[in-house]
Amino acid sequence: MNIEQVLHSAVAEALKNLYNFEPASKSIQLQITRKDFEGDITLVVFPFLKHSRKSPEETGKQIGEYLQGNVDEVRSFNVIKGFLNLVIADNYWIRVLKNARKDDAYGTKQEDENSRVIMVEYSSPNTNKPLHLGHIRNNLLGYSISEIQKANGNKVVKTNIVNDRGIHICKSMVAWKKWGEGKTPENTGTKGDHLVGDLYVEFDKHYKAEIKELIDKGVPPKEAEAKAPSILEAREMLLKWEARDPETVDLWKRMNSWVYKGFDETYRKMGVDFDTIYYESDTYLVGKEEVLRGVEEGIFYKEEDDSVWADLTEDGLDKKILLRSDGTSVYMTQDIGTAKMRYNDYSIDKMVYVVGNEQNYHFQVLSVLLDKLGYTWGKDLFHFSYGMVELPSGKMKSREGTVVDADDLMEEMINVARNMAEELGKLDALTAEETEKTFEIIALGALKYFILKVDPKKNMLFNPEESIDFNGNTGPFIQYTYARIQSVLRKAAEKNINLVSDADENISISEKEKLVLKRISLFPDIVAEAGKNYSPAVVANFCYELVKEYNQFYHDHSILNASENNIRDFRLVLSEAVGKVIKSGMTLLGIEMPERM
RNA sequence: GCCCCGGUAGCUCAGUUGGAUAGAGCAACUGCCUUCUAAGCAGUAGGUCAUGGGUUCGAAUCCCGUCCGGGGUACCA
């Protein structure tokens, strides 16, 4: 039981004894004492005034006296306005340190046979262009949320739905046939996803030119868009694909394989992975069957032109198309099929979709449709809706060439890390290979932290003109502190100082030391909160606070040259624990820690 | 039009279920390396929490209106 739980029930007891009433659990508000006041934990007494019928000061004093008399850890107290500030005994905080060290998985819960199965879908790329900054946010969030759920004792299946079929990939295929000149990743040395993406751009260029030409000839714009030769070819290609035309399917497989190879490389660099991958080309037919079953069962209806619709007006939504008049499927059709397949393949307790907030409506509808199709889990789908990454010029648009490419960005970050390290003259002790790996760790740490520290729900801004910071509230700042700690621990080992198994409970600790200990004590709560709210940002901000406080301690106190051996040992053990907590916190964000930097 | 989300320092962001005098970082200015890593520490300056009401012991936080920005809205994904 931690101190908050102890205090919580002691307060309830106090109120019962003093004023003879049983408070609602949430009316007992315990919080960390603000640093301008004396004390460690503060109870807000306002909610009890009605029952105490005394002034805030008097009520606080009475409760304080009760707690001091009945809870060992409460050393003293003071009351300011309606706030009861409790001073907790130092040895309580030292015990927190002991517990944190004893437990290798401090703060996290292990998976067991009762664990819930959570499937997390993220990434979901189209196979006609490389990944960009938007995907980076998606991937990092998806990965981190998965790790956080695991740390809360859940069994997580990470999945991806690859949108590998449709008009978009046909456009790239047409472009390859017409203007590709037999290019392959091998003979051009271009990464496969970029090659296919370039072809997509090539297609768009010709398509636009054709539209303009038609319009100049007097064709109305809408008709021009529909009748341009390139788009007609792409449509034909799609029909051929659906008809399983061997040549078309071969080319499709070939070009997709280029893309997958490219994606794999990007995913590897980013440090994200998947347990299972679904492909739209496998799932859309299942979705189609489901929709047609829905028509037979009268859940959906057919228009005169054969298009299929769901009427959701009674659910407060609109009418939604599920199959086009030519019988082809839409995004929604495919998602129905994918969901069904997943629930067949796994015993999913919770399905989480990491998808941008522009699709809020889509998932609202998906949930209702699955429910109508008779799937009890339909209502339980959770759309983890995150905000978009914007540029100073506004939204990223692939057609206007304003997307920030994922590979380019990561490469650039590594260069910045390299330049900075060289400028600072660090890492001389490492081999070339280790040095390069360290640059990568730092660069990715900066990028990941930059993305993950902000509230996922909010839109965020990325300015390509300014490189992502490496100082201040950043990933490298946290990594640096970790590296410093490892350095101290190495020095201790060199001096043959062994880490004691238990810190001396009787030493007196400084304010800075206590702040660090308090922060460490919060880690389990942070992991739980991050899990409950699906929020990597909570973890990121915690790590920052911890590191900031540790750095202040580090600056003010000498560790290896402490005046007494038991104080030195305590500080070493404290440092080691901070290192461990930083590492496990940052691991939840997918950020690695360098041993030196 | 209708629906959803947002607006906190010059910039980027924190701010737990309503709690004390709204916090960081960047940018600017000033100090601190002979001693465990200065990618650090300390300090100065910077705010009508978009705006007007309401709810109450107490509102950046909850409710209503207004302004501004973003997203969605029946054959794109």
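Now for a look at the structure at hand.

Definitions and cut-offs
Residues numbered from 1 in each chain as written. Chains lettered and ligands numbered in written order. Predicted model: local features only at pLDDT ≥ 70, side-chain atom pairs only at ≥ 80, totals over all residues. Heavy atoms only, no water. Helix = DSSP H or I, 4+ residues; strand = E, 2+ residues; numbered from the N terminus. Expected span 1.5 Å × (residues − 1). Buried < 20%, exposed > 50% of the residue type's maximum accessible area, 1.4 Å probe, protein only. Contact = heavy atoms within 4.5 Å. Polar contact = N/O pair within 3.5 Å; in protein donor to acceptor, adjacent residues only side chain to side chain. Near = heavy atom within 4 Å. Pairing = 2+ DSSP bridges. Phe/Tyr/Trp six-rings, centres within 6.5 Å; stacked < 30°, edge-to-face > 60°. Lys NZ or Arg CZ within 6 Å of the ring centre and 35° of its normal. Axes fitted to C-alpha atoms, helices over the stretch in contact; angles between N-to-C directions.

## As for helix α15 (residues 406–424)
Taking 1.5 Å as the rise per residue, α15 with 19 residues should run 27 Å; its terminal C-alpha atoms sit 27 Å apart, in good agreement. Those residues of α15 that sit buried are A406, D407, L409, M410, M413, I414, A417 and A421. Looking at the packing, one finds that the buried side of α15 touches α5 (133–151), α8 (192–216), α11 (246–270) and α16 (432–452). The opening residue of α15, the one whose side-chain oxygen lies 3.0 Å from the backbone nitrogen of D407, is D405.

## Quick look at the protein's contact with RNA strand B
Residues in contact with RNA strand B amount to 65 residues; listed here are only the nearest, D305, W309, K426, Y480 and H557. Among all atoms of RNA strand B positioned within 4 Å of the protein, those belonging to sugar or phosphate total 61%. For RNA strand B, a base nitrogen lies 3.1 Å from a polar atom in the side chain of N85. Contact distances for RNA strand B include 3.0 Å between a base oxygen and a backbone N or O atom of L560. Broken down by secondary-structure element, the contributors of at least two residues to the surface near RNA strand B are β2 (41–44), β4 (83–88), β10 (319–323), α15, β15 (460–461), α17 (475–494) and α19 (536–556).

## So, the sheet that holds β10
Ordered by their spatial adjacency, three strands build an open sheet running β8-β9-β10, and the pairing between neighbours is antiparallel. Looking at strand neighbours, the two that pair on one side only are β8 (301–302) and β10, the edges of this open sheet. Where strand β9 (residues 308–311) and β10 come together, four bridges link them in antiparallel fashion. Each bridged residue has a counterpart across the sheet, and for D311 the counterpart in β10 is K319.

## Quick notes on the packing of aromatic side chains
Scanning the model with the defined rule gives 23 aromatic pairs in all. Seen from their ring centres, W176 and W258 are 6.2 Å apart, and the 65° between their planes marks the pair as edge-to-face. Of this pair, W176 sits in helix α6 (residues 167–179) while W258 sits in helix α11, placing them 82 residues apart in sequence. You'll find W176 and W258 in the same group, each marked buried. Relative to W377, the ring of Y375 lies with its centre 5.0 Å away and its plane at 25°, an arrangement referred to as stacked. Taken together through their ring pairs, the aromatic side chains of Y122, F263, Y267 and F274 make up a single cluster. Sitting above the plane of the W241 ring, R244 keeps its charged end 5.0 Å from the centroid.

## Quick word on the sheet that holds β2
One open sheet holds the four strands; their spatial order is β1-β2-β4-β3, and the pairing between them is antiparallel. The open sheet has two free edges, formed respectively by β1 (30–32) and β3 (74–80), since each of these has just one partner strand. For this sheet, the mean inter-axis angle between neighbouring strands, taken without regard to orientation, is 30°. Across six bridges, the pairing between β3 and β4 is antiparallel. The residue of β4 that forms the bridge with N78 is N85.

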